[in-house]
Amino acid sequence: MNKADVLKEIIEQRRSIFPKDYSEKEIPQEIIGEILNSATFAPNHKRTKPWRFKIFKGEEKAQLASEMQAIYKASQPELFLEKKYNDIGFKINKADAVVSIVVNFSGMVPEWEEIAAVSMAVQNMYLTCTANGIGCYWSSPKIVDHLKDSLTIEENQKCLGLFYMGEVKSI
């Protein structure tokens, strides 16, 4: 198969796969490194490299789940749903790794261009996950706006969501 056919197949197979379909198997660290490295090849005007990623695994991931559940509970006093609260924890804990997706606005180019560059970086992550048989999806719940302190987000940055990854269960 030539490169164009391989690329076409990967693009056609790319899809969001949710944590409920992840196995308990750990993603090898070299694959996680490859996924994040592929993001850095996204085009970005004036080479601002506006993406900022933080990987959550193990205890840090469990803390993220607890924090997001607490944020949801505090921000939804009248509309609180126990199922949604539990789903937040389940998704984060079921994923082997969760990556925060943050855009860093340089001021050198329009903000939309840097958001587009981060989006292309995430698409590269999606494609690399697909090529490696890793399930993944990008979630952008409103409560990520409240993670500013725990993610050490600066004034010129914004969290665009979380990228969940996990080995896919065998069928």
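Scroll up to find the structure.
Note that the coordinates shown come from a computational prediction; the quantities given were computed from them, not determined experimentally.

Draft legend 1. Fine view of the environment of Leu147. Within the fold, Leu147 resides in the loop between strand 3 (134-139) and strand 4 (157-167). Overall, the relative accessible area of 0% leaves Leu147 in the buried class. For Leu147 and Lys3, which are 144 residues apart along the polypeptide, the C-alpha to C-alpha distance reads 40 Å. When sequence neighbours within four positions are dropped, the list of residues in contact with Leu147 reads Leu64, Glu67, Met68, Ile71 and Ile153.

Draft legend 2. Local environment of the layout of surface pockets. In this structure, the largest pocket encloses a volume near 250 Å³. Lining the largest pocket are 14 residues; nearest its centre among them are Tyr72, Lys84, Ile88, Pro141 and Ile143. Where the lining of the largest pocket is concerned, the elements lending two or more residues are helix 3 (58-75) and helix 4 (82-94). For the lining of the largest pocket, the leading source of residues is helix 4, giving four residues.

Conventions used here
Residues numbered from 1 in each chain as written. Predicted model: local features only at pLDDT ≥ 70, side-chain atom pairs only at ≥ 80, totals over all residues. Heavy atoms only, no water. Helix = DSSP H or I, 4+ residues; strand = E, 2+ residues; numbered from the N terminus. Buried < 20%, exposed > 50% of the residue type's maximum accessible area, 1.4 Å probe, protein only. Contact = heavy atoms within 4.5 Å. 1 Å grid on protein atoms, 1.4 Å probe; cavity = no way out; pocket = protein on both sides within 12 Å on 5 of 7 lines; lining within 4 Å. Points joined across faces, edges and corners; volume = space filled by probe spheres on them.

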